[in-house]
Each structure stands twice: as C-alpha cells, then as structure tokens.
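Close look at the chain arrangement
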Amino acid sequence: MSGHALRLLRQDHRLAELVAHPFDFDLDRAAHGRVEEVRLASGGPLDAVAGDDTGGTYFVCADGSVLYAESEGTAGIIGSSADEALELVIGLPGWRDYIHLSPDDGEEKILARVTETEDEIREYYGIDEERAELRAALGFPERSPVELVGRLRAALLRTEPDFVLLNADEGCAYDRLGPAGPPLWEPVLAAGRADLTRLREGDHTAWRGVAEDPGPAPAHPAGRAVRPGRGGPGAAAAPATA
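As the structure is a computational prediction, the values presented were derived from the model and not from experiment. (Residues numbered from 1 in each chain as written. Predicted model: local features only at pLDDT ≥ 70, side-chain atom pairs only at ≥ 80, totals over all residues. Heavy atoms only, no water.)

Scanning all chains against the criterion turns up three aromatic pairs. Centre to centre, the rings of Phe-25 and Tyr-58 are 4.7 Å apart; their planes meet at 45°, and the pair counts as tilted. Of this pair, Phe-25 sits in the loop between α2 (13-20) and β1 (38-40) while Tyr-58 is found in strand β3 (residues 57-61), placing the two residues 33 residues apart along the sequence. A residue is classified by how much of its surface remains accessible, and Phe-25, at 3% relative accessible area, is buried. Three or more aromatic residues joined by ring pairs make a cluster, and in this case those are Phe-25, Tyr-58, Tyr-68 and Trp-95. (Phe/Tyr/Trp six-rings, centres within 6.5 Å; stacked < 30°, edge-to-face > 60°. Helix = DSSP H or I, 4+ residues; strand = E, 2+ residues; numbered from the N terminus. Buried < 20%, exposed > 50% of the residue type's maximum accessible area, 1.4 Å probe, protein only.)

Here you go:
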C-alpha cells in the first residue's frame, strides 16, 4: 500500500500545486474536513488526505485503499493505494465522468469519451505538459486511458461490503459510486458459507476456528438506510430482513 507519491507531494509545494490545479487533488482541502462527520461501517480508520473543488474528499483507509466521497452522498474506492489513486486523477482528470465505463465498452468508445472530456478541460486549463511533469516527478508510467478505466472499475467494485461509508450522526449509508456490484449479502455471507462447507465435510480442525469466530463487527450495518432526500418523499430507513 505505497504512499510514495503522496509523500513527495507533501514535500514539494510546486508538485502539490500542480496536482491541485488542474487535476483537482488538493492537499490543503483535507485540513478543512467535511461538512458532515463520516465513518466506515466496518469501524476501520479513515484519514482525509485531499479534497476537490466540488466538496469531495479523498480518504486513505487502513489497508491503503483510497475512498472518494462526493458531497452529494455517494462514495467508492478508486485505488488500492494512494499512488494508484493519484495515477488515476492525473492520468484521467475527468475520471468522475467515466465511473460507469467498462473495458467491455471497447477501446473506441472509451477513447472517444476521454477525448471529449479532456478537450473540454483544455478550454480552461493546460493538462498535457502538466501531466507529463507530474508523471516524471512521481515515477508514474504512461498508462493508456483504457487501462486506467479498467483499474477504476475494478476498484469501484471493491467498495462493498468493507468500505461502506456512513453519516456518523444519522448512520445512513452513502450511495455506491459507480457500477452496481453483486448483491451485498453475497460477500457478507461468503465466509460463513465457506465455514459451513468445511464443517459438513467433516473437517474437525475447523470446529474451534468457527466457534471462536466473533463474526462481523457490530458496527457493520444490517441494511442500507435511505439518506434524507433520497428514495422519494416519505422514504424511511428499513433494516434488511433475513
């Protein structure tokens, strides 16, 4: 879970300014925090390391993964490390427009979408020389937009169940950023099903481990509450049923 590039940014003011404008990864915004307090449903730690001009926040999680939380109530993993997340925001400055793209869409569609977005950005900011300078200074290779889109999609699909973000005061879960993954109950129950299979197969060494397993952390939500203003008028939080 390398944070080499993040350390370099913190040590070099010019690089930090460059990644803040035009790539919208602003280290100074981390000090201001979010309007609302948030926490992971798993109970794991969150370290705010940067923000953007839309009110979004970049958090580093315990395993090094970077969770991006929008101000509008959606959140998702965008990289397995700070370095991977920075490669994304530098390589794809319009990455928020690509969260529903997939390698299955094909190179032609992906490149057309990236070209359209980056041409719009170039009307206001220079990005090509700046991107090359940052890649050289931070030691990043030049990856194709297609590869970066694939990495983004793979990261977003890892968001649930381990990185569900909650409003700390209300306990409401943020909506998932990007593509819909498998039903949440599948990864949550996978470990229990594996244990049950071992027991049914007569693996006596499994008994002690299963008996001592405390199960999911109490902080993990039984279901997803509806955030205020979502789900239509009068929408109410409802716990999941077994």
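We are not done yet, so read on.
Side chains that carry opposite charge are capable of pairing whenever their charged atoms lie near each other. In the structure shown here, the tally under the stated rule is 15 salt bridges. Put simply, Arg-151 and Glu-84 hold a salt bridge, and the shortest N to O gap is 3.6 Å. Of the two residues, Arg-151 sits in helix α6 (residues 145-156) while Glu-84 sits in helix α3 (residues 82-91), which places them 67 residues apart along the sequence. It is possible to trace a salt-bridge network through shared partners that takes in Glu-84, Glu-87, Arg-143, Glu-147 and Arg-151. (Salt bridge = Lys/Arg side-chain N within 4 Å of Asp/Glu carboxyl O.)

Every second residue of strand β4 (residues 66-69) is oriented toward a common face, with Val-66 and Tyr-68 on one face and Leu-67 and Ala-69 on the other, all of them buried. Looking at chain direction, β3 and β4 are connected through four bridges and run antiparallel. Directly across from Thr-57, in β4, lies its bridge partner Ala-69. In this antiparallel pair of consecutive strands, β3 and β4, the connection spans four residues, and Gly-64 shows a positive phi of 95°. In this structure, β4 lies alongside strand β5 (residues 74-79), joined through four bridges in antiparallel fashion. Counted as the bridge partner of Leu-67 is Ile-77 from β5. (Pairing = 2+ DSSP bridges.)

With that out of the way, let us pick up the environment of Gly-94. Among the secondary structure elements, Gly-94 is positioned in the loop between α3 and α4 (107-122). Each C-alpha atom of the pair Gly-94 and Val-114 lies 7.5 Å from the other, and the pair is 20 residues apart in sequence. Aside from chain neighbours lying at most four places away, what touches Gly-94 is Thr-117 and Ile-121. (Contact = heavy atoms within 4.5 Å.)

Residue-level pLDDT values for the chain average 84, and 79% of them are 70 or greater. Highest mean pLDDT in the chain belongs to α3 (98); lowest belongs to helix α8 (residues 205-212) (69). Confidence drops under pLDDT 50 across residues 217-242; counting only partners more than four residues distant or on other chains, this segment forms 37 contacts. (pLDDT = per-residue confidence, 0-100.)

Count 3.6 residues to each turn of an α-helix, and residues three or four apart come out pointing the same way. For α6, built from 12 residues, the straight-helix expectation of 16 Å at 1.5 Å per residue is met to within 8% by its first-to-last C-alpha distance of 16 Å. Among all positions in α6, only Leu-148, Val-149, Gly-150, Leu-152, Ala-155 and Leu-156 are buried. Its buried side turned inward, α6 meets β5, α3, α4, α5 (128-138) and β7 (175-176). (Expected span 1.5 Å × (residues − 1).)

With that out of the way, let us pick up the packing of helix α1 (residues 4-11) against α3. The angle between the axes and the distance between the axes are what describe a pair of packed helices. Where α1 contacts α3, the axes come no closer than 6 Å and their chain directions differ by 70°. The angle between the axes of α1 and α3 places the two elements in the roughly perpendicular class. In contact with His-4, Ala-5, Leu-6 and Leu-9 of α1, α3 contributes Ala-82, Asp-83 and Leu-86. Grouping the amino acids of the contact of α1 with α3 by side-chain chemistry returns five nonpolar, one polar and one charged. (Axes fitted to C-alpha atoms, helices over the stretch in contact; angles between N-to-C directions. Parallel < 35°, antiparallel > 145°, perpendicular 65-115°, else oblique. Nonpolar A, V, L, I, M, F, W, Y, C, P; charged D, E, K, R; others polar.)

Judged by nonpolar contacts, the single largest core of 40 residues is most densely connected at Phe-25, Tyr-58, Ile-78 and Trp-95. Element by element, the count of residues in this core is highest for α3, at six residues. When near neighbours in sequence (up to four residues on either side) are disregarded, Trp-95 contacts Tyr-58, Tyr-68, Ile-78, Leu-88, Val-89, Leu-152 and Leu-177. Core analysis: the second largest hydrophobic core is formed by 12 residues, Leu-67, Ala-69, Phe-163 and Tyr-174 among them. (Core = buried A, V, L, I, M, F, W, Y, C linked by side-chain atoms within 4.5 Å.)

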